Amino acid sequence: QVQLVDSGGGLVQPGGSLRLACAASGITSSTGATGWFRQARGKDREFVASIRWNGGDTWYAASVKGRFTISRDNAKNTVYLQMSNLKPEDTAVYYCAAQTSFAYYPTFPSKYDYWGQGTQVTVSS
């Protein structure tokens with residue numbers, strides 16, 4: 001059983017930076033990818049980035065590639081999402097998610113089994 005606690009959201013101005021963290025418990029050798037999704041007001045939940053727990057392979061949505069970086073610290077059982085050059089369209093509730101076991105491609109909500117409570121990111125001047 002994996003439990004996730006995501007944090008780090010807040011209010012930032014356009015062009016600013018923010019780092020989200022996802023603290024995970026119950027990680028096993030078979031745990032798959034951990035990913036970040038976001039859901040803006042009036043929109044469906046969309047993929048942002050993911051990283052394979054074992055191996056470190058990464059995937060990014062085109063809209064954030066070059067601006068966001070996903071990383072993990074296995075010793076701390078924590079996944080991070082470093083966001084830079086934030087735009088108003090990045091405003092959303094961001095959710096951390098994890099797979100019981102890895103499945104290609106880890107870019108869809110349906111491929112994840114566990115979810116954090118969400119953390120609000122607001123980009124506004």
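Going by the structure above, here's the rest.
Our subject in this report is the structure included herewith.

What counts and what doesn't
- Position numbers for residues count from 1 along each chain, tracking the sequence in the order it is written.
- Local features are withheld for residues below a pLDDT of 70 in this predicted model, meaning they are given only at 70 or higher, and side-chain atom pairs are given and counted only at 80 or more; totals for whole chains, interfaces and linings count all residues.
- Side-chain metrics in this entry use all non-hydrogen atoms of the structure; hydrogen atoms and water are not considered.
- Here a salt bridge means any side-chain nitrogen of Lys or Arg lying within 4 Å of a carboxyl oxygen belonging to Asp or Glu.
- By the criteria applied, helices consist of DSSP H or I runs no shorter than four residues and strands consist of E runs no shorter than two, each listed in order from the N terminus.
- Think of it in three bands: with a 1.4 Å probe and only protein chains considered, a residue is buried below 20% of the maximum accessible area for its type, exposed above 50%, and partly exposed in between.
- Here, nonpolar core refers to any group of buried Ala, Val, Leu, Ile, Met, Phe, Trp, Tyr and Cys residues whose side-chain atoms link them within 4.5 Å.
- It only takes one pair of heavy atoms within 4.5 Å for two residues to be counted as in contact.
- Whenever a pair of cysteine sulfur atoms sits within 2.5 Å, that pair is classed as a disulfide.

On to the pattern of salt bridges, then. Taken as a whole, this structure holds three salt bridges when the rule is applied. In this structure, R38 and E46 form a salt bridge, with 2.7 Å as the shortest nitrogen-oxygen distance. D90 is paired through a salt bridge with R67; the nearest N and O atoms lie 2.8 Å apart. Pair noted here: D90 is in the loop between strand 8 (78-83) and strand 9 (92-98) and R67 is in the loop between strand 6 (58-60) and strand 7 (68-73), with a separation of 23 residues, a long-range link. Each of the two residues, D90 as well as R67, counts as buried. Salt bridges linked by common partners bring R38, E46, R67 and D90 together as one network.

Where a protein is soluble and globular, its nonpolar side chains tend to be buried together. Judged by nonpolar contacts, the single largest core of 35 residues is most densely connected at W36, L81, M83 and Y94. Secondary structure elements with two or more residues in this core: strand 3 (18-25), strand 4 (33-39), strand 5 (46-52), strand 7, strand 8, strand 9 and strand 11 (119-123). Residue contacts for L81: discarding those within four places in its chain leaves L18, R19, L20, W36, V48, A49, F68, T69, I70 and Y94.

All right, on to the environment of C22 then. Within the fold, C22 resides in strand 3. For C22, a relative accessible area of 0% translates into the label buried. For the pair C22 and G32, spaced ten residues apart in sequence, the C-alpha to C-alpha distance is 15 Å. Excluding its chain neighbours within four sequence positions, the residues that come into contact with C22 are L4, V5, D6, W36, N77, T78, V79 and C96.

Turning our eyes to something else, we now look at the state of the cysteines. All told, the structure shown has one disulfide when counted by the stated rule. In this model C22 forms its disulfide with C96; the gap between the sulfur atoms is 2.0 Å. Given an S-S torsion of about -80°, the disulfide between C22 and C96 has left-handed geometry. Of the two residues, C22 sits in strand 3 while C96 sits in strand 9, which places them 74 residues apart along the sequence.

Within the secondary structure, G66 is located in the loop between strand 6 and strand 7. Residues G66 and N85, spaced 19 residues apart in sequence, show a C-alpha to C-alpha distance of 9.5 Å.

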